[in-house]
Amino acid sequence: MATTDYRQTVVIQLTRDGVTGIGEGVPISRYQESPHAALQAIDAIHTWLEGVDPWQFRKVMAGVAERMPGQFAAKAALDTAMYDWVGKQVQAPVYRLLGLDPQDTPVTSFSIGVDEPGPTRQKVMEAEAFPILKLKMGLTSDEMTMAAVRDVTQKRLRVDANEGWKTRDLALQKLRWLEGHGVEFVEQPMPAEMIEETRWVRARVNLPIFADEAAVSAESIPKLVGVYDGVNISIDKCGGIQEALRMIHVAKALGLKTMLGCMVATSVNITAAAHLSPLVDYADLDGNLLVTNDPYRGVTVDHGKLVLPKGPGFGVTPA
Ligand code: MG
């Protein structure tokens, strides 16, 4: 939704028996999270963490949930660090531990940041290698953004309204307008808590809609059935790979489509999420591509398709 000079995320290194796992979580201000609070929360359980067995990562995360309420970025960093550690211990990529075929990764969308029409056209042209673009909307500039994008490309588009359309009439008007512009689906058109209003709007349009801010955990998904067509799952929002896997399975069992999303992050975080991507229908894993000085190298993109590194754990190395 904006351009920034820097972003702070939480990166954890877990060293045990001579092997170091690395993990990363991004604090989301929408959920009142901050890097400082995340680090404080980890510090508060540091002594307990030194005594746990990372081979038992499910038991460890259950213990973390009891000792550290909230703090999903900190949880994501811990959980991903343990997966990376286990993968390095057994010398296998995490996708292999999960029984997945790395060829099954989806094509990721590439986000075009909100900007004036000139820079928007420029960004779309620079994104030539990506077959699917994601547009941020929910602002007064929505029509201007769409016009600028359609000036220069006829590519498939996805739209993320980020809860921006605050009344059902406005949301209905925007979705009907988007139906005529080659949009595949729209993410979180209305505020997360406006479930009944969203149900009313969805019944009046043909465009699929995905929950993002309304889908924060496996438990949050059942009430979305009949309202949304799919859910956007991110390890930062739900607290790591274990909860993301639960969300994917719950969503599938309820007949919802699944998407993996992300925040702006380094390749540690995005690669961790990408190892799950053979399980989902759609991916929006471009957070590392939007950073100019990513300190790590991991998942790459070939004509939009996610390419997983073959090294053990997440296969992430220093840039
Ligand atoms: Mg979103």
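Keep in mind that this is a model prediction, so the values were computed, not measured.

K.L.:
Quick question: what am I supposed to make of the packing of aromatic side chains here?
P.N.:
How two aromatic rings sit relative to each other is set out by the distance from centre to centre and by the angle between their planes. Throughout the structure, instances matching the rule amount to six aromatic pairs. Ring geometry for Phe57 versus Tyr83: centroids 4.6 Å apart, planes at 50°, classification tilted. Of the two residues, Phe57 is situated in helix α3 (residues 57–67) and Tyr83 in helix α4 (residues 72–89); the sequence distance between them amounts to 26 residues. Using a relative accessible area of 16% as the deciding quantity, one classes Phe57 as buried. Within the aromatic cluster, the residues linked to one another by ring pairs are Phe185, Phe210 and Tyr282. Positioned above the aromatic ring of Phe72 is the side chain of Lys75, whose terminal nitrogen or guanidinium carbon lies 4.8 Å from the ring centre.

K.L.:
Help me out: how do you make sense of the domain arrangement of the chain in this one?
P.N.:
The figure often quoted for interface size is the accessible area lost as the parts come together. Taken domain by domain, the chain comprises domain 1 (10–95) and domain 2 (97–309). Just the C-alpha atoms count here: the centres of domain 1 and domain 2 sit 25 Å apart. On the side of domain 2, 29 residues touch domain 1, which itself brings 26 residues to the contact. Of the roughly 2,200 Å² buried between domain 1 and domain 2, counting both surfaces, carbon and sulfur atoms make up 62%. Across the domain 1-domain 2 interface, the total number found is one salt bridge. Between Glu163 and Arg30 there is a salt bridge, and its shortest N-O distance comes to 2.6 Å. Counting every contact that joins domain 1 to domain 2 gives 15 residue pairs in polar contact (both at pLDDT 80 or more). Put simply, the parts of the chain that give the side of domain 1 that touches domain 2 at least two residues each are β2 (19–25), α3, α4 and α5 (94–97).

K.L.:
What am I meant to see in the environment of Ala65 here?
P.N.:
Within the secondary structure layout, Ala65 lies in helix α3. For the pair Ala65 and Lys75, spaced 10 residues apart in sequence, the C-alpha separation works out to 8.2 Å.

K.L.:
Explain the packing of helix α6 (residues 117–126) against helix α7 (residues 142–152) here, please?
P.N.:
Two quantities define a packed helix pair, namely the angle between the axes and the distance from one axis to the other. α7 packs onto α6 with a crossing angle of 45° between their chain directions and a minimal axis gap of 9 Å. Classed by the angle they form, the pair α6 and α7 counts as oblique. Classified by chirality, the crossing of α7 by α6 is right-handed. Residue-level contacts link Pro117, Thr120, Arg121, Val124 and Met125 of α6 to Met144, Thr145, Ala148, Val149, Asp151 and Val152 of α7. Residue classes in the contact of α6 with α7 are distributed as seven nonpolar, two polar and two charged.

K.L.:
Please clarify how a nonpolar patch on the surface should be interpreted in this entry.
P.N.:
A surface patch of nonpolar side chains, amounting to about 260 Å² of accessible area, comprises Trp55, Val90 and Leu97. You can call Trp55 partly exposed: its relative accessible area is 41%.

K.L.:
I'm lost on the coordination of the magnesium ion in this one. Help?
P.N.:
Reference values for coordination geometry: four tetrahedral donors around a metal ideally subtend 109.5 degrees, six octahedral donors ideally subtend 90 or 180 degrees. For the magnesium ion, the full set of protein donor atoms is Asp160 (OD), Glu187 (OE) and Asp212 (OD), at a range of 2.0 to 2.2 Å. Within one chain, the residues serving as donors to the magnesium ion are arranged as D-x26-E-x24-D. You can see Glu187 sitting in strand β6 (residues 183–187) and its partner Asp212 sitting in the loop between β7 (209–211) and β8 (230–233), a full 25 residues away along the chain. Residues Glu187 and Asp212 agree in their burial class; the two are buried.

K.L.:
Sorry, what's going on with the pairing of strand β4 (residues 132–136) here?
P.N.:
Within a regular strand, side chains alternate between the sheet's two faces. Across the five residues of β4, five count as buried, placing the element largely inside the fold. Residues Ile132, Lys134 and Lys136 point to one face of β4 and Leu133 and Leu135 to the other, with burial holding for every one of them. Note: strand β3 (residues 110–112) against β4, three bridges, orientation parallel. Looking at β4, one finds that Ile112 is bridged to Leu135. Between β3 and its parallel partner β4, the chain crosses via α6, and the hand of that crossover is right-handed. Across five bridges, β4 lies against strand β5 (residues 156–160) in parallel orientation. Bridge pairing in β5 links Lys134 to Arg158. Viewed along the sheet, the connection from β4 through α7 into β5 turns out right-handed.

How each quantity is defined
Here the residue numbering is sequential within each chain, running from 1 through the sequence in written order. Where totals are concerned, whole chains, interfaces and linings use all residues; where local detail is concerned, this predicted model gives features only for residues with pLDDT of at least 70, and gives and counts side-chain atom pairs only at 80 or more. The side-chain figures draw on all heavy atoms in the structure; neither hydrogens nor water molecules are used. Planes of paired rings set the category: under 30 degrees apart is stacked, over 60 is edge-to-face and the rest tilted, where pairs are Phe, Tyr or Trp rings (Trp by its six-membered ring) whose centres lie within 6.5 Å. Secondary structure counts use DSSP, requiring at least four H or I residues in a row for a helix and at least two E residues in a row for a strand, with both numbered from the N terminus. Each residue's exposure class comes from its accessible area (1.4 Å probe, protein chains only) as a fraction of the maximum for that residue type: buried when under 20%, exposed when over 50%, partly exposed otherwise. Geometrically, a charge over a ring is one whose NZ (Lys) or CZ (Arg) sits within 6 Å of the ring centre while staying within 35 degrees of the ring normal. Note: domain ranges come from an automatic or database domain assignment. The criterion used for residue contact is that any of the two residues' heavy atoms lie within 4.5 Å. Accessible surface is computed with a 1.4 Å probe, and the buried area is the amount of it that two parts give up when combined, taken over both parts together. Any Lys or Arg side-chain nitrogen located within 4 Å of an Asp or Glu carboxyl oxygen qualifies as a salt bridge. N or O atoms closer than or at 3.5 Å make up a polar contact, with two conditions inside protein: a donor-capable atom paired with an acceptor-capable one, and, for residues adjacent in sequence, both atoms drawn from side chains. Angles run from 0 to 180 degrees between N-to-C directions of axes, and those axes are lines fitted to C-alpha atoms, restricted for helices to the stretch in contact. Angle categories are assigned with fixed cut-offs, so that under 35 degrees is roughly parallel, over 145 is roughly antiparallel, 65 to 115 is roughly perpendicular, and the rest are oblique. By the definition used in this description, the sense in which the near helix is turned from the far one sets the handedness, with an anticlockwise turn below a right angle giving left-handed and a clockwise turn giving right-handed. Throughout, the ten residues Ala, Val, Leu, Ile, Met, Phe, Trp, Tyr, Cys and Pro are labelled nonpolar, Asp, Glu, Lys and Arg are labelled charged, and all others, Gly among them, are labelled polar. Patch definition: residues above 30% relative accessible area lacking any salt bridge, with like charges linked at up to 9 Å and the nonpolar side chains Val, Leu, Ile, Met, Phe, Trp and Tyr linked at up to 5 Å. To measure how exposed things are, a 1.4 Å probe is used in the Shrake-Rupley method; for residues, cover is taken only from the protein chains shown. Because no water is among the atoms considered, metal sites can look incomplete, with donors defined as N, O and S atoms within 2.8 Å of the metal, or 3.2 Å for Na, K and Ca. Here a strand pair is declared whenever DSSP counts at least two bridges between the two strands. Crossover handedness is defined by viewing with both strands directed away from the observer: a clockwise path from the first strand over the helix to the second marks the crossover as right-handed.

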